[in-house]
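Each chain, letter by letter, is given below.
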Amino acid sequence: MPDQKFAHPRLAAVYDTFDADRGDLEAYEDIAAELGAHHILDYGCGTGSLAVRLTARGHQVTGYDPAAASLDIARAKTSAVTWAADTGGLSDFDLVVMTGNVAQVFLTDTDWNTTLHTVSGLLRPGGHLVFETRRPEYRIWDEWAHRRPDTRHVPGIGDVKLDFQLTGVRLPLVSFRDTYTFPDGDVLTSETTLRFRDRHELDASLTAAGYRITDVRQAPDRPAMERVFLCEKP
Ligand SMILES: C[S@@+](CC[C@H](N)C(=O)[O-])C[C@H]1O[C@@H](n2cnc3c(N)ncnc32)[C@H](O)[C@@H]1O
């Protein structure tokens, strides 16, 4: 079940403004070119930021997300991407990408392993899964504990204030609450829990799901903070 900030229409509408720095996406555009991928699935595409960019580069792109409100925002950006609310009927992708740390939303081993198998079924033999995940050793939650309120102007809506509160560090799970205050006084909250997996755990789960790990890189825009896995379906 996606968090409210992806699933609630009012919160999905402000997501791009609060997540405006997308320097992370360039690396995925480069990897898609490096792998020669034509048919690409953006798994957990959210508001479609990467899918739109990949389409503009000439790839044939499908964006999948279970949060209908986020997909509505994505759909309004372009009809050149195929937007999907489920993965039924999808197959034969050269590349499946998970950006924005989608891999961390799968909290249990069962959820993660099931996702890896689902994605494998969506790839053609020789296709790749590429995803990022925050390194637990970096302890990003120590920085999150000091995050300050952030007010941004959202076109068509006005000034929206975001208060962030770290609500729990019970490793490997880290939880936080986002509280949004809208110009009309409406206050909406979104609760998030993320799973931090270490390198050993990721290697083991990917191998068990039948992938060959071809490379593990640093995210160029966030060195030391994240790992980017390139995995091939043999
Ligand atoms: C942090 S956002 C990243 C969105 C997008 N990839 C980006 O980079 O902007 C995480 C996304 O994961 C999606 N999500 C949550 N649960 C999911 C699931 N079980 N399967 C696929 N996506 C899921 C959410 O709806 C949300 O859009």
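Note on numbering: residues in each chain are counted from 1, in written sequence order. With pLDDT at 70 or above as the cut-off, local features in this predicted model cover only qualifying residues; side-chain atom pairs require 80 or more to be listed or tallied, and sums for whole chains, interfaces and linings still use all residues.

**Some details on the domain arrangement of the protein chain**
- Splitting the protein chain by domain gives domain 1 (4-136 + 197-232) and domain 2 (138-194).
- Here the bounds of each domain stem from an automatic or database domain assignment. Here domain 1 and domain 2 have C-alpha centroids that lie 22 Å from each other.
- For every residue pair, C-beta atoms are placed from the backbone, and the pair is scored as a contact if these atoms sit within 7 Å. In this complex, domain 1 contributes 18 residues to the contact, which on the side of domain 2 involves 15 residues.
- Helix and strand assignments come from DSSP, with helices taken as H or I runs of at least 4 residues and strands as E runs of at least 2, each series counted from the N terminus. Elements represented by at least two residues in the side of domain 1 that touches domain 2 include exactly helix 1 (4-7) and helix 2 (9-18).
- In terms of residue count, helix 2 provides more of the side of domain 1 that touches domain 2 than any other element does, 6 residues in total.
- Partitioned by chemical class, the residues of the side of domain 1 that touches domain 2 number 9 nonpolar, 4 polar and 5 charged. Note on residue categories: nonpolar means Ala, Val, Leu, Ile, Met, Phe, Trp, Tyr, Cys or Pro, charged means Asp, Glu, Lys or Arg, and polar means any other residue, Gly included.

**Some details on the nonpolar core**
- In this usage, the nonpolar core is the set of buried Ala, Val, Leu, Ile, Met, Phe, Trp, Tyr and Cys residues whose C-beta atoms join them within 7 Å. Counting other C-beta atoms within 10 Å of its own, a residue is labelled buried from 20 upward, exposed at 12 or fewer, and partly exposed in the gap between, with every C-beta atom placed from the backbone. Core analysis: the largest hydrophobic core is formed by 46 residues, its most contacted members being I40, L95, V96, V97, L129 and V130.
- If you tally residues by element for this core, the top one is strand 4 (residues 93-98), at 5 residues.
- Ignoring anything within four residues of it in the chain, the contact list for V130 reads Y28, I31, L95, V97, V228, F229 and L230.

**Digging into the sheet that holds strand 8 (residues 173-181)**
- Spatially, 6-7-8-9 is the arrangement adopted by the 4 strands of the open sheet, whose pairing is antiparallel. A single partner strand is all that each edge strand has here, and the edge strands are strand 6 (150-154) and strand 9 (187-195). Strand-to-strand twist across the sheet, computed as the mean angle between neighbouring axes with direction ignored, equals 25°.
- In short, DSSP must find at least two bridges between two strands for them to pair. Two strands pair when backbone bridges link them, and strand 6 and strand 7 (residues 158-170) are joined in this way by 5 bridges, in the antiparallel orientation. By the bridge assignment for strand 7, T151 is matched with K161.
- Orientation is described by lines fitted to C-alpha atoms, with helices fitted over the stretch in contact, and by angles between N-to-C directions that extend from 0 to 180 degrees. Against the sheet, helix 2 engages strand 6, strand 7, strand 8 and strand 9, with an angle of about 105° to strand 6.

**Side note on the sheet that holds strand 4**
- Pairing in this open sheet of 7 strands is mixed, and the strands run 3-2-1-4-5-11-10 from one edge to the other. Of all the strands in the sheet, just strand 3 (82-84) and strand 10 (212-218) have a single pairing partner and so form its edges. Going across the sheet, the axis of each strand differs from the next one's by a mean of 20°, ignoring polarity.
- Taken strand by strand, helix 8 (residues 199-208) contacts strand 5 (123-134), strand 10 and strand 11 (226-232), and its axis lies near 15° from that of strand 11.

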